[in-house]
Amino acid sequence: MFNERDIIKRQAQLILDNGAKIPSSLGILEDTIIKITQIQKTLNPTTEKATLLLVGADTGIVEEDISKSSDIVTKEQMENFARGNGVCALLSSHNNIELDLCNVGIKYDLNSSYNIKDYCLSKGTRNPVNENALKRDIARLTLDNGKCELSTLYNNGTRILLLGEMGIGNTTIAALLIYAILQWPIDNLIDESFSIDIYDNKYKAILSAFNRHGALKAPTNDYIFDLLTSYGGLDIIFLAGAILEANRKGVVILIDGLITTVAVLIASLFDNTVLDSCIACTNSKLTLHKKLLDYLGLTPLLDLSLSLGEGSGALYAYPLINNSIFIFNNLLSLEKAEVTDVNKHNKILFPLGTTSNILRANIIENVLAIAPLVDDIEITLFKSKAEYCYPSKEIIRELINIAARENITYTIHLPYDVDLGALKKETREEALINYLRMIEITNPLPIHGYVIHLVYNEEYKKQSLEYIKQGMKELINLSKVESTAFCVETLFQPFEPLLEIVKDLNLSLTIDIGHLVKNNFYSDSLLRSYLPYARIIHFHGVKEDKDLMKLIAHKSICEYSPKFLNNLYSILNSYSHLPIVFTIEVFILKYFKESLNEIQVKSIRESL
């Protein structure tokens, strides 16, 4: 089913496409904008307030002469940052970014007069070449402290989190963790720019530590803490905790260089959804960093060959992100900007659907042809007694494969020739059996909803509605389907008598706008009253047939006037936060092409 992130992505893309600019002209910045709207779950994203979380920690592996710098530099630089010096402090001040300095494991005592938060549970780590780097409880508490600090920042308004670190020797620990998790060749873990002696010392230290402790056995919490206890990286552990909590709270995470990216790798072992909240800011000078970003599926915004750390890459990328969000929030639509729309764009902010009866062909041929053009396909299983309406296991398997390949869902239109509200018990039981059979067959599919026609007897309305309610209760209980997935539709009768059942059983509605128009039920106020309960909208044109002296439904939506359509789009889009699929319910290719051209959600391919 479409989740909130899918819907927001579609809506954000529509705003960008309809803006007074050439579609996709902002390149990967458009992907970044959309990702931020998804993370913050809003079409009004904010870059206020931004905080650079910069942590300092030392590691015992420096004993292996893997760095030209002494570990006293970690203390000195953190104090330097606190005085407002250094690249990170200067850029933070210049861009109005809060600088949050945290001591999470510095070996030497810091000047207490500086504004550096103390989360130090261990003055550095031990050398993993010789022993465990940490005690297990220190690793756990450091992860928790990272979560705690993020919660504090969030409560103080932080919505954009930049990650930075300072620590002599932490590049070697980062490479060692990658080796233990991914088992990449050691030669790929150490940059060739290091001097020969440093390169050799790093190589020996990584191999010796790994031979002592081994690889990550499995991505379970216990084994992850075994890994962290063995190799350490207090800065990486603390940042991983902050990343986990930021992801949970919907904070945008801007990652910097290798160390912060390894923190993302560690966090992803606990919860792989953290990648959904992360934006890679830079390709650092280290080849290993580029390879790790590729592995995580993150494309960096900048490639400046930085090798500083301190969150410098995130700090340089932040203005770019800030400007992009400003553009998104203030970009006028083509219409408002009075610019000619040379490429007519989407007018509907919902996932688009259509039926599996567009071509004169079988279900699979229809779905293969239509899937690239829509987000959902309504499998029309109208007849209960026709065996050809029951898809075989082979058809279901193929539909699953197509859905995975094309990223679509299915709506199942249950048979409409059965009646849960019938006066005869046998008829009601037959309806229930048919519904259950159809649901069992189609259940393996990625289902958005089940369209179910409910018809009440006008003469025996009260009794008929009681039967319907009882039948729906049994259907929900026996099918084990979430109640909101059942989308009630009625073509020739008003919804009102069924609304109480919909509310009581937590059902959804299928609003067939075409039939509302055809039966003279439609009004703007009526549509607004139904929309909060809707999960599916059926839309098709209605045309007068003078020979038959009646209105014919399921025509092209171009039968409606532009004024009607624009008004309808405006009403529908004001409910675009709802998980609704907008289905062009037509059954002829010509009508589908004309309707799709009007909506212009995706281009019609020549193959059709």
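Our subject in this report is the structure included herewith. All figures in this text were calculated on a predicted structure; none of them were measured in a lab.

Parameters and conventions
Residues numbered from 1 in each chain as written. Predicted model: local features only at pLDDT ≥ 70, side-chain atom pairs only at ≥ 80, totals over all residues. Heavy atoms only, no water. Helix = DSSP H or I, 4+ residues; strand = E, 2+ residues; numbered from the N terminus. Buried < 20%, exposed > 50% of the residue type's maximum accessible area, 1.4 Å probe, protein only. Areas by Shrake-Rupley, 256 points an atom, 1.4 Å probe, with all protein chains shown as cover. Lys, Arg positive; Asp, Glu negative; His and termini not counted. Charge placed at Lys NZ, Arg CZ, Asp CG, Glu CD. Pairing = 2+ DSSP bridges. Contact = heavy atoms within 4.5 Å. Salt bridge = Lys/Arg side-chain N within 4 Å of Asp/Glu carboxyl O. Core = buried A, V, L, I, M, F, W, Y, C linked by side-chain atoms within 4.5 Å. Phe/Tyr/Trp six-rings, centres within 6.5 Å; stacked < 30°, edge-to-face > 60°. Lys NZ or Arg CZ within 6 Å of the ring centre and 35° of its normal. Expected span 1.5 Å × (residues − 1). Arc of directions from axis to C-beta.

### Focus: the overall build of the protein
In terms of helices and strands, the protein carries 21 helices and 18 strands. When its C-alpha atoms are laid out on the principal axes, the protein stretches across 95 × 55 × 45 Å. Residues classed as buried in the protein amount to 55% of the 608 residues present. If you sum the accessible surface of the protein, you get close to 26400 Å²; carbon and sulfur atoms cover 48% of it. For the protein, the separation between the mean place of its 59 positive charges and that of its 73 negative charges on side chains is 3 Å.

### Re unusual backbone geometry
In this chain, Glu-48 is followed by Lys-49 through a cis amide linkage whose omega measures 0°. Tracing the backbone through its elements, the reader meets Lys-49 in the loop between α2 (28–40) and β1 (50–57). In this structure, Asp-65 is a non-glycine residue whose phi angle is positive, near 55°. For Asp-65, the position within the fold is in the loop between β1 and α3 (72–82). In this structure, Glu-310 is a non-glycine residue whose phi angle is positive, near 65°. Following the sequence through the fold, Glu-310 ends up in the loop between β8 (302–306) and α12 (312–330).

### Looking at the sheet that holds strand β6 (residues 278–280)
What the 6 strands build is an open sheet, ordered β3-β2-β1-β4-β5-β6; its pairing is parallel. If you trace the sheet from one side to the other, it starts and ends with β3 (117–118) and β6, each paired once. Where strand β4 (residues 160–166) meets strand β5 (residues 252–255), 3 bridges bridge the pair, whose relative direction is parallel. Bridge pairing links Ile-160 to Val-252 in β5.

### Quick notes on α3
All buried positions along α3 are accounted for by Thr-74, Lys-75, Met-78, Glu-79, Asn-80 and Phe-81. Tucked inside the fold, the buried residues of α3 contact β1, α4 (86–94), β2 (98–105) and β4. Two residues or fewer after α3 comes Gly-84, characterised by a positive phi angle close to 95°.

### Looking at the pattern of salt bridges
Evaluation of the coordinates by the stated rule reveals 16 salt bridges. With a shortest N-O distance of 2.7 Å, Glu-149 and Lys-117 are connected by a salt bridge. Taken together, the residues Glu-149 in helix α5 (residues 136–155) and Lys-117 in strand β3 connect sequence positions 32 residues apart. Take Lys-117: its relative accessible area is 29%, and that puts it in the partly exposed class. Note that Glu-458 and Lys-461 form a salt bridge whose closest N and O atoms lie 3.9 Å from each other.

### Remarks on the nonpolar core
Ranked by size, the top nonpolar core spans 109 residues in total, and within it Leu-162, Ile-178 and Leu-254 carry the most contacts. Counting 82 residues, the second-largest nonpolar core is a separate cluster that includes Leu-432, Ile-452, Phe-539 and Ile-584.

### Quick word on the packing of aromatic side chains
According to the stated counting rule, one finds 12 aromatic pairs in the structure shown. Between Phe-495 and Tyr-530, the aromatic rings sit 4.9 Å apart at their centres with planes inclined by 85°, giving edge-to-face as the arrangement. One end of the pair, Phe-495, is in the loop between β13 (486–489) and α17 (496–504); the other, Tyr-530, is in helix α19 (residues 524–530), and 35 residues separate them in sequence. Residue class for Tyr-530 comes out buried when judged on its relative accessible area of 2%. Site record: aromatic cluster; members linked through ring pairs are Tyr-522, Phe-539, Tyr-560, Phe-564 and Phe-582. Positioned above the aromatic ring of Tyr-154 is the side chain of Arg-159, whose terminal nitrogen or guanidinium carbon lies 3.9 Å from the ring centre.

### Digging into helix α15 (residues 425–442)
An ideal rise of 1.5 Å per residue puts 26 Å on 18 residues; α15 measures up with 26 Å between its terminal C-alpha atoms. Taken together, the buried positions of α15 are occupied by Arg-428, Ala-431, Leu-432, Asn-434, Tyr-435, Met-438, Ile-439 and Thr-442. Around the axis of α15, the buried residues are gathered within 165° of arc, so they sit on the same side. Of the exposed residues in α15, those oriented more than 90 degrees away from the buried face are Lys-425, Glu-426, Ile-433 and Glu-440.

### Observations regarding the environment of Asp-144
Within the fold, Asp-144 resides in helix α5. Taking the C-alpha atoms as reference, Asp-144 lies 9.8 Å from Leu-244; in sequence the two are 100 residues apart.

These figures come from the coordinates and say nothing about function on their own.
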